[in-house]
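Coordinate inspection notes
Below, each chain spelled out in residue letters.
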Amino acid sequence: MLLFLERKSNQKELSSATAVGSTVALPHGDGTPSIIGNCYGVYFMTQLLQNAAYGTVLILAVVILRRVLKDRLLPGARLALWAVCLFRLLTPAAPESVFSLWGLSRLFEQPKQAAPVSYTAGYVPAPSVPGPAPQAGPGISWETVLLAVWLVVGVVLAARYLLAWTRTRRAVSCAIPLDRSDERYTPLPKCARLREGPMEGAPLTFGAVRPTVVLSPGLDGAELDCVLAHEGVHARRRDNLWHYAMALALAVHWWNPTVWPMPRLLRRDTELSCDRA
């Protein structure tokens, strides 16, 4: 009789343990993917705002330096400062960095201490059984809406810039190419190509990998020498890379008002740098 009761109690303990173990499994459709997506969205927006904050401070600092120092700030130094601004706008800081918003937030976190738990003699706490996870709501979070608006406007601006680049490339291809034996190639680097033809904005330099210098018809004498020297510096330095990086910064930070005057100031400093070269 005692052996039968002992076996009966062991079976009850085994069945209760099995029931407890079965309730630990999470149910399907607990909304975990949506929670993970929201976390990534918040992290991305934090990085974007961090880049915008640091970039805004740098842009304002460069503008103030340009206005205070004026001609004493050399064009080469101005371009170096603009390079720092572009690097800060387009390069996110690692979350582990002390200078990131995630790193700064950790400095102000208070260490959490676990509350002491007292047990009475002979008392064994029952295992905690997690309840069912809350179901994710069908609504769209505000982070998703902001990311969608940011992405749509950025893609539109990038497509607009790409369309303008394609039109300019088509116009450059319509200009007449000049042979390498032409003496006007002398001031240009070996990577540059030379064309001549009526084109809006000419003389100009198009492209960065194989820059093409387009001359207006009728240039000669001292004016031609100055134009070739100026455009040769553009081609040698591949200054169009500045404009490509600036277009990317505008597509990413279109909502930041301090970024919009930057292309005009950068173009002016690039031209001054070529004139002084």
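Residues numbered from 1 in each chain as written. Predicted model: local features only at pLDDT ≥ 70, side-chain atom pairs only at ≥ 80, totals over all residues. Heavy atoms only, no water.

1. Observations regarding unusual backbone geometry
At the junction of A202 and P203, the peptide bond is cis and its omega measures out at 0° in the coordinates. Tracing the backbone shows P203 in the loop between β2 (193-196) and β3 (204-206). Residue K70 is not a glycine yet carries a positive backbone phi of 55°. In this fold, K70 is placed in the loop between α2 (32-69) and α3 (75-90). With a relative accessible area of 54%, K70 lands in the exposed category. Even without being glycine, R238 reaches a positive phi, approximately 55°. Counting through the fold element by element, R238 comes out in the loop between α6 (221-237) and α7 (240-252). (Helix = DSSP H or I, 4+ residues; strand = E, 2+ residues; numbered from the N terminus. Buried < 20%, exposed > 50% of the residue type's maximum accessible area, 1.4 Å probe, protein only.)

2. Quick notes on the layout of surface pockets
Remark: the empty space left among the atoms is shown by a probe the size of a water molecule rolled over them. For the largest pocket, the calculated volume is near 930 Å³. Forming the walls of the largest pocket are 31 residues, and the residues nearest its centre are Y161, N240, H243, Y244 and R267. Every element with two or more residues in the lining of the largest pocket is listed here: α5 (142-174), β3, α6, α7 and α8 (262-276). In terms of residue count, the dominant contributor to the lining of the largest pocket is α7 (8 residues). When grouped by side-chain class, the residues that make up the lining of the largest pocket number 16 nonpolar, 8 polar and 7 charged. In this structure, the second largest pocket occupies an estimated 250 Å³ of space. (1 Å grid on protein atoms, 1.4 Å probe; cavity = no way out; pocket = protein on both sides within 12 Å on 5 of 7 lines; lining within 4 Å. Points joined across faces, edges and corners; volume = space filled by probe spheres on them. Nonpolar A, V, L, I, M, F, W, Y, C, P; charged D, E, K, R; others polar.)

3. Things to note about a nonpolar patch on the surface
A contiguous nonpolar surface patch, about 290 Å² in accessible area, is contributed by I140, V145 and V149. Mapped onto the secondary structure, I140 falls in the loop between α4 (101-107) and α5. (Patch = residues over 30% accessible without salt bridge, like charges linked within 9 Å, V, L, I, M, F, W, Y side chains within 5 Å. Areas by Shrake-Rupley, 256 points an atom, 1.4 Å probe, with all protein chains shown as cover. Salt bridge = Lys/Arg side-chain N within 4 Å of Asp/Glu carboxyl O.)

4. Describing the environment of P187
Structurally, P187 can be placed in the loop between β1 (176-177) and β2. Taking the C-alpha atoms as reference, P187 lies 6.3 Å from G232; in sequence the two are 45 residues apart. When near neighbours in sequence (up to four residues on either side) are disregarded, P187 contacts L228, G232 and R236. (Contact = heavy atoms within 4.5 Å.)

5. A look at the sheet that holds strand β4 (residues 212-215)
With mixed pairing, 4 strands are arranged side by side in an open sheet as β1-β2-β4-β3. With one partner strand each, in any of the chains shown, β1 and β3 form the two edges of the open sheet. Note that β3 and β4 share 3 bridges and pair antiparallel. The residue bridging L204 from the neighbouring strand is V214, located in β4. (Pairing = 2+ DSSP bridges.)

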